[in-house]
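Next come the chains, spelled out residue by residue.
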Amino acid sequence: MTETVRLSQPVDYIAIVPYLFGYHPTMSLVVLTFHAQALITSVRHDLPSSQDEAIDVIAHCLDLLTHDAASELAVIGYGPAALVTPVLVGLREAIEPTGVLLAQMLRCADNRYWPHPDTGPAEGVPYDITTSQAAVGAVVAGLSALPDRDAFAALLQPLEGADRDAVREATRVARQQATALGTAAPRFWYQEGLRCVHAAFARHQAGEPIPAGEVAWLGLLLTAILVRDAASLMVGTYPAAAHIALLSEVARRVEPGYVAAPATLLAIAAYGSGAGTLARIAVDRARADNPSYSMAYLLDYALSHGVPPSAVHQMHATMTAEELETQLITCPTAALPRLPAPVEGR
């Protein structure tokens, strides 16, 4: 967000949340941490449905305060009082000894909010986020909010129809080519991976469609650890928006078994640019495609524990092209594609 958005009234905090996450949350607990009046982290939890879950959520919030060295906190619970109020009570009691300023603690439902502890009318205070300057500032900054998380997640659902059929056939051909080329030339695979990634960015930036064959070949090449890692270093080479657009397309178009790498790269680019919800959905897609994919697991942990985007970026920025070259020499098999087991009938 390039615009400076100032939050002062309860409705300002409520208004900014959908633009931070990309959708209007429901049945959620949202935690915003601040330092020197600047937003550090925004995290969403499902509302806890048991005492044990509530304890875990509260513990996570306290960890977040410590990790972020936060000086200020805002908490908004979306849902009925029976589910929201107990966790707000527990959270307030846990935060009080820390000395962190609790800027807002609200419960929202049916376009009304209730401060916690309750200090307003029993029927709540009606609000309209479209009247808030926070919402106006978010729109001016180019942010938007979809109706709910399902609508947001649909943005990364696999493409079907004729394109799916074309990529499926192209993937079959790509596998045959990879098998024929074999594993004797790791440097070829590494260099071919770099060439293909750069070519895809060039096509995308030129507004040209990426043919099914190139999508399938890129998906196959990204299964190589060193090719994937090299692609993650290109954040400084191409704009973040280009990464998000290209990797979203690739993650939607590649065949099952090839989604984890582009989806994880998308999560890195999205989180680094402040699109935390897109990063979460991309990580979920990566782990659904390959539950044991280690980079997706690490990002899942970072997102779940509110690790700031800057720290996630630093994890990857410390790697250099020279180090990848060294790994190519010391561990050449990391440059080879790791083809998933073929799906029966494809």
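Residues numbered from 1 in each chain as written. Predicted model: local features only at pLDDT ≥ 70, side-chain atom pairs only at ≥ 80, totals over all residues. Heavy atoms only, no water.

Looking at an unreviewed UniProt entry, the protein carries the name DUF4192 domain-containing protein, with the source organism given as Nonomuraea insulae.

A. Just helix H1 (residues 10–21), in detail. Over its 12 residues, H1 extends 18 Å from the first C-alpha to the last, a length consistent with the 16 Å expected when each residue adds 1.5 Å. With respect to burial, H1 is a largely interior element, 12 of its 12 residues being buried. Listed as buried for H1 are Pro 10, Val 11, Asp 12, Tyr 13, Ile 14, Ala 15, Ile 16, Val 17, Pro 18, Tyr 19, Leu 20 and Phe 21. Looking one or two places after H1, you find Gly 22, whose phi comes out positive at around 90 degrees. (Helix = DSSP H or I, 4+ residues; strand = E, 2+ residues; numbered from the N terminus. Expected span 1.5 Å × (residues − 1). Buried < 20%, exposed > 50% of the residue type's maximum accessible area, 1.4 Å probe, protein only.)

B. Summary view of the sheet that holds strand S5 (residues 112–115). The strand order across the open sheet built from 6 strands is S2-S1-S3-S4-S5-S6, with neighbouring strands paired in mixed fashion. Edge strands, defined here as strands with exactly one partner in the open sheet, are strand S2 (38–46) and strand S6 (125–126). Two elements, strand S1 (residues 28–35) and strand S3 (residues 72–78), share 7 bridges in a ladder whose sense is antiparallel. By the bridge assignment for S3, Leu 32 is matched with Ala 74. Strands S1, S2 and S3 of the sheet are contacted by helix H2 (residues 51–68), whose axis makes an angle of about 165 degrees with S2. (Pairing = 2+ DSSP bridges. Contact = heavy atoms within 4.5 Å. Axes fitted to C-alpha atoms, helices over the stretch in contact; angles between N-to-C directions.)

C. Structural view of the nonpolar core. In terms of nonpolar packing, the biggest core is built from 85 residues, with Ile 14, Leu 32, Ile 76, Tyr 190 and Leu 222 touching the most fellow members. Of all the elements, helix H11 (residues 260–272) adds the most residues to this core, at 10 residues. With near-sequence residues (within four places) excluded, Leu 32 lies in contact with Tyr 13, Val 17, Leu 20, Leu 39, Thr 41, Ser 42, Glu 72, Leu 73 and Ala 74. Within the second largest apolar cluster, 20 residues are counted, among which are Cys 61, Leu 64, Leu 73 and Val 84. (Core = buried A, V, L, I, M, F, W, Y, C linked by side-chain atoms within 4.5 Å.)

D. Just the pattern of salt bridges, in detail. Scanning the model with the defined rule gives 15 salt bridges in all. Its salt-bridge partner being Asp 163, residue Arg 253 comes within 2.8 Å of it at the nearest N-O pair. One end of the pair, Arg 253, is in helix H10 (residues 240–253); the other, Asp 163, is in helix H6 (residues 162–181), and 90 residues separate them in sequence. Asp 163 gets classed as partly exposed once you look at its relative accessible area, which sits at 22%. Two residues, Arg 228 and Asp 229, come together in a salt bridge whose shortest N-O distance is 2.8 Å. There is no split in this pair, since Arg 228 and Asp 229 are both buried. (Salt bridge = Lys/Arg side-chain N within 4 Å of Asp/Glu carboxyl O.)

E. Here's a closer look at the pairing of S5. Note that strand S4 (residues 101–109) and S5 share 4 bridges and pair antiparallel. Looking across to S5, one finds that Cys 108 is bridged to Tyr 113. Where S4 folds back on S5, the antiparallel hairpin that results is connected by 2 residues, among which Asp 110 adopts a positive phi of roughly 55 degrees. Bridge analysis of S5 against S6 gives 2 bridges, and the strand direction is antiparallel. Bridge assignment links Tyr 113 to a residue of S6, and that residue is Val 125.

F. A look at the packing of aromatic side chains. In the structure shown here, the tally under the stated rule is 5 aromatic pairs. Measuring from centroid to centroid gives 6.3 Å for Tyr 13 and Phe 34, while their planes differ by 80 degrees, and the two rings are edge-to-face. Residue Tyr 13 is found in helix H1, and its partner Phe 34 is found in strand S1; the two are separated by 21 residues along the sequence. Comparing Tyr 13 with Phe 34 shows no difference in burial state: the two are buried. Note on Trp 189 and Trp 217: the rings are 5.9 Å apart at their centroids and 45 degrees apart in plane angle, and the pair reads as tilted. Of this pair, Trp 189 sits in helix H7 (residues 186–205) while Trp 217 sits in helix H8 (residues 212–221); the two residues are 28 residues apart in sequence, bridging distant segments of the chain. With respect to burial, Trp 189 and Trp 217 carry one shared label: buried. Ring pairs connect the aromatic residues Phe 188, Trp 189 and Trp 217, which therefore count as one cluster. (Phe/Tyr/Trp six-rings, centres within 6.5 Å; stacked < 30°, edge-to-face > 60°.)

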